[in-house]
Amino acid sequence: MSQLSSIKPLQMVDLHGQYLQVADEINQAIQSVIDQTAFINGAEVKDFARSLAQYNAVEHVIPCGNGTDALQLAMMALQLQPGDEVIVPTWTYVATVEVIALLGLKPVFVDADPNSFNLDTGAIEALISPKTKAIVPVHLYGQCAHMEPLLKLATEKGLYVIEDTAQALGADYLFSGQQKQKAGTLGTVGTTSFFPSKNLGCYGDGGALLTHNSELANTLKAMANHGQFEKYHHDLIGVNSRLDSLQAAILNVKLKQLDNYTAKRQQAAKWYDQMLAEVEAIQIPERVAYSTHVFHQYTIKVKDGKRDALRDFLKEKEVPSMIYYPVPLHLQKAYSTYGYEKGDFPVAEALSGEVLSLPIHTELEEAQVAYVAEQIKSFFHG
Ligand SMILES: *Cc1c(COP(=O)(O)O)cnc(C)c1O
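Keep in mind that what you see is a predicted model, and the values were worked out from it rather than measured.

*Asks:* Explain the pairing of strand E2 (residues 85-89) to me, please; I cannot follow it from the model alone.
*Replies:* Put simply, side chains in a regular strand alternate between the two faces of the sheet. Along E2, 5 of the 5 residues are buried, which leaves the element largely enclosed by surrounding structure. Across 5 bridges, E2 lies against strand E3 (residues 106-110) in parallel orientation. For isoleucine 87, the partnering residue across the bridge sits in E3 and is valine 108. Relative to strand E4 (residues 132-135), E2 runs parallel, the two sharing 3 bridges. Considered in E4, the bridge of isoleucine 87 is made with isoleucine 135.

Following this line, the structure appears as structure tokens:
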């Protein structure tokens, strides 16, 4: 049995430990921005956009203020109009649907797949109406949604595909012909977030859009900058959404580590898989054939209504855990005006009572995972 006293305290994420690994480089990058005092639109921002585009093998990266803005900018640049319908999973973070509502668009929810947790691609076609303009797949917890059939359907029906890649930057989608492509570069446009706890996190807020389409990239750039293609000439009603130079400088250092970070998360996931394999009362995360998993979260399903008791037990043992998410979006108060009811999406509703995300991050050690696994086993087996 591993003792609590012999391991590092468990945290959902360990951003300070991660910082220490690259502290000199980060400190220098920050100091350099201060020395240049180019806090907005400095060279670091352009460098980062170029490097991230290269990393994802995509033509254009447009940095912006955060991942929520990225989603909003995508919908604005694609000129979605009030009343247009957007198909979106009910099992996701609120940001995905919030911007749809804010722009006066109508969210049309789709249920989740019970094993991958991603939107149920097979359920989309029945939801398409003459008003449908876009589908927003979310690559939840770090694994791609089933994009190949989704993309085929979108092409047939002339719909935009906006990929919410806030949790899956760096994941590879694997097409049936073996060809692979980065998450966020498969649809019309991809959005991502650099919130500190995301797989590529900065030290504040940040976000970006990814697209192969040059015309759309230009519109997005203008849209994020008060709708101006030329300074003080406003052709579009835009917003102010910027990635600042300090954040870009930090991201330039951390982007070089992203594959290393992903490998560490995958290693931690493998330890969990092995150590939890014999616990029948839980289901470890499914790995789908069509995507790699970058483990933004390691999310288990707890059977027989024992999730909350397990969570309380773990808390007592100083093991943090989180429920992503306790209420599916179609049942949230703010979105009740869309007329959905309990029972509309049984998979998502069941998941909200079963999922539990365990600590996973780049600094997690095998002994820590072993401690978590032992506590889970002792909860079920005594
Ligand atoms: C984090 C997140 C966002 C929003 O990103 P912010 O940078 O916090 O605005 C959007 N969608 C999903 C799925 C997320 O996890």
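*Asks:* Hey, could you run me through the pattern of salt bridges in this one?
*Replies:* When the charged atoms of two side chains with opposite charge come close together, those side chains can pair. Enumeration over the complete set of coordinates arrives at 9 salt bridges. Between lysine 8 and glutamate 365 there is a salt bridge whose closest N-O contact spans 3.5 Å. Taken together, the residues span a long stretch of sequence, with lysine 8 in the segment before helix H1 (15-21) and glutamate 365 in the loop between strand E14 (355-358) and helix H12 (366-381) at a distance of 357 residues. The class of lysine 8 is partly exposed, set by a relative accessible area of 34%. For aspartate 273, the salt bridge goes to arginine 287, with nearest N and O atoms at 2.3 Å. Pair noted here: aspartate 273 is in helix H9 (residues 258-276) and arginine 287 is in the loop between strand E12 (282-283) and strand E13 (298-302), with a separation of 14 residues, a long-range link. By relative accessible area, which is 34% here, arginine 287 ends up partly exposed.

*Asks:* I tried to follow the nonpolar core on my own but got confused; where do I start?
*Replies:* The nonpolar side chains of a soluble globular protein tend to be buried, and buried together. Ranked by internal contacts, the top residues of the largest apolar core, which has 72 residues, are Trp91, Ile162, Leu209, Leu276, Tyr298, Leu358 and Ile376. Leave out the neighbours within four places in its chain, and leucine 276 touches Ile282, Ile284, Tyr298, Leu358, Ala373 and Ile376. Counting 24 residues, the second-largest nonpolar core is a separate cluster that includes Ile87, Leu119, Ala154 and Val288.

*Asks:* Help me out: how do you make sense of the sheet that holds E3 in this one?
*Replies:* Paired through backbone hydrogen bonds, the strands of a sheet run either parallel or antiparallel to each other. Ordered in space as E1-E9-E8-E5-E4-E2-E3, the 7 strands form an open sheet in which the pairing is mixed. Of all the strands in the sheet, just strand E1 (60-64) and E3 have a single pairing partner and so form its edges. Strand after strand, the sheet turns through a mean of 25° between neighbouring axes, direction not considered. On top of the sheet, helix H3 (residues 43-56) reaches E1 and strand E9 (207-211); it is set at about 135° to E1, its chief contact.

Scoring rules and cut-offs
- Residues numbered from 1 in each chain as written.
- Predicted model: local features only at pLDDT ≥ 70, side-chain atom pairs only at ≥ 80, totals over all residues.
- Heavy atoms only, no water.
- Buried < 20%, exposed > 50% of the residue type's maximum accessible area, 1.4 Å probe, protein only.
- Helix = DSSP H or I, 4+ residues; strand = E, 2+ residues; numbered from the N terminus.
- Pairing = 2+ DSSP bridges.
- Salt bridge = Lys/Arg side-chain N within 4 Å of Asp/Glu carboxyl O.
- Core = buried A, V, L, I, M, F, W, Y, C linked by side-chain atoms within 4.5 Å.
- Contact = heavy atoms within 4.5 Å.
- Axes fitted to C-alpha atoms, helices over the stretch in contact; angles between N-to-C directions.

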